[in-house]
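# Residue-level structure breakdown
Letter by letter, the chains look like this.
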Amino acid sequence: MLAYSDVLVLQHFRPPNEVAIYYAAVKTLALVSFIYYSVSATTAHRFSGYHVNGDRDGLSGFVRQAIKWTFWPSLAATALLLLCGRSILALFGAKFTEGYHLMFVLAVGLLARSAIGPIERLLNMLGEQRICALVYAAAFGVNIGLCIVLIPYFGMLGAAIATASALVTESVLLFTATRRRLGFHVFVWARAER
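In short, a report on the structure. Nothing here was measured: the structure is a model prediction, and the numbers come from that model. (Residues numbered from 1 in each chain as written. Predicted model: local features only at pLDDT ≥ 70, side-chain atom pairs only at ≥ 80, totals over all residues. Heavy atoms only, no water.)

### A short note on the pattern of salt bridges
- Following the criterion strictly, the structure yields five salt bridges and no others.
- The partner of Arg 181 in a salt bridge is Glu 128, and the shortest N-O contact between them spans 2.9 Å. Taken as a pair, Arg 181 in helix α8 (residues 156–182) and Glu 128 in the loop between α6 (119–125) and α7 (129–154) lie far apart in primary sequence, 53 residues in all.
- Owing to a relative accessible area of 14%, Glu 128 belongs among the buried residues under this scheme. (Salt bridge = Lys/Arg side-chain N within 4 Å of Asp/Glu carboxyl O. Helix = DSSP H or I, 4+ residues; strand = E, 2+ residues; numbered from the N terminus. Buried < 20%, exposed > 50% of the residue type's maximum accessible area, 1.4 Å probe, protein only.)

Take a look at the structure:
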């Protein structure tokens with residue numbers, strides 16, 4: 001729901017051409033998300049393996065590695081897409097370059113998510129799925145609420161701000177939940193725990 005709520009609200013308030021421009025910008029930058037999902041898919045079983053074996057130090061080290069595997073390639077991919085974004089959007093048509101500035105706003109949310117890595121998978125594998133559901137519900141609520149408030153005044157930019165804000169909210173809440181429930185400091189620049 002979080003992935004399409006901005007587009008659904010945008011089409012309610014704005015003309016189809018703006019929705020198309022926004023959608024092209026969002027989906028072009030969404031290529032960065034493949035890194036996040038790839039790392040998530042390949043690490044989840046290892047999280048549970050370390051947990052079942054009672055290897056907290058091994059789990060902590062592996063979590064730090066998974067975050068680095070997510071963040072640094074995501075940062076590089078984001079930089080590349082932002083560098084080439086106008087040209088990529090022009091492939092859809094000359095008018096689509098009007099969505100280029102939106103990619104910078106959306107990049108904030110994607111980089112916030114990648115800065116904590118696949119932490120929702122860690123929480124899910126360690127039996128904290130309820131807290132994940134609450135975090136996703138909160139992020140969805142932020143996205144819908146901000147979309148309804150911002151889109152009538154700012155159009156496509158309002159949708160981008162709402163989506164980036166929802167991703168930042170999700171990341172902050174997942175970071176906080178992981179810190180409180182599991183005792184791990186899950187941020188890309190975190191030092192090794194002792």
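Now, onward.
### Details of helix α5 (residues 100–114)
- When the terminal C-alpha atoms of α5 are compared, their 21 Å separation across 15 residues agrees well with the 21 Å that a helix rising 1.5 Å per residue should span.
- Most pronounced at Leu 106, the bend in α5 amounts to some 30°.
- By the burial criterion, the buried members of α5 are Tyr 100, Leu 102, Met 103, Leu 106, Ala 107, Gly 109, Leu 110, Arg 113 and Ser 114.
- Taken together, the buried residues of α5 touch α2 (16–29), α3 (33–52), α4 (56–90) and α8. (Expected span 1.5 Å × (residues − 1). Bend = angle between axes of the 7 residues up to and from the residue. Contact = heavy atoms within 4.5 Å.)

### Things to note about empty space enclosed by the protein
- Counted under the stated rule, the structure contains one cavity of 30 Å³ or more.
- Its volume calculated, the largest cavity comes out at about 40 Å³.
- Along its surface, the largest cavity is lined by Val 32, Ser 33, Tyr 36, Ser 74, Leu 110, Arg 113 and Ser 114.
- Taken together, the elements giving at least two residues each to the lining of the largest cavity come down to α3 and α5.
- Per element, the largest residue contribution to the lining of the largest cavity is three residues, and it comes from α5. (1 Å grid on protein atoms, 1.4 Å probe; cavity = no way out; pocket = protein on both sides within 12 Å on 5 of 7 lines; lining within 4 Å. Points joined across faces, edges and corners; volume = space filled by probe spheres on them.)

### Observations concerning the packing of aromatic side chains
- For the coordinates displayed, the defined rule picks out ten aromatic pairs.
- On the basis of an interplanar angle of 70° and a centroid distance of 5.4 Å, the ring pair of Phe 71 and Trp 189 is categorised as edge-to-face. Within this pair, whereas Phe 71 is found in helix α4, its partner Trp 189 is found in the segment after α8, the two being separated by 118 residues in sequence.
- Taking relative accessible area as the criterion, Trp 189 reaches 55% and is therefore assigned exposed.
- In textbook terms, an aromatic cluster arises when at least three aromatic residues are bridged by ring pairs, as seen for Phe 47, Tyr 50, Phe 62 and Trp 69. (Phe/Tyr/Trp six-rings, centres within 6.5 Å; stacked < 30°, edge-to-face > 60°.)

### So, the packing of α2 against α8
- At their nearest, the axes of α2 and α8 sit 10 Å apart, and the two run at 40° to each other. Considering their axes alone, α2 and α8 lie oblique with respect to each other. Note on packing geometry: the crossing formed by α2 with α8 is right-handed. Residue-level inspection shows Glu 18, Ile 21 and Tyr 22 of α2 in contact with α8, the latter providing Met 156, Ala 159, Ala 160 and Thr 163.
- Considering only residue class, the contact of α2 with α8 consists of five nonpolar, one polar and one charged. (Axes fitted to C-alpha atoms, helices over the stretch in contact; angles between N-to-C directions. Parallel < 35°, antiparallel > 145°, perpendicular 65-115°, else oblique. Left-handed = near helix turned anticlockwise from the far one by under 90°. Nonpolar A, V, L, I, M, F, W, Y, C, P; charged D, E, K, R; others polar.)

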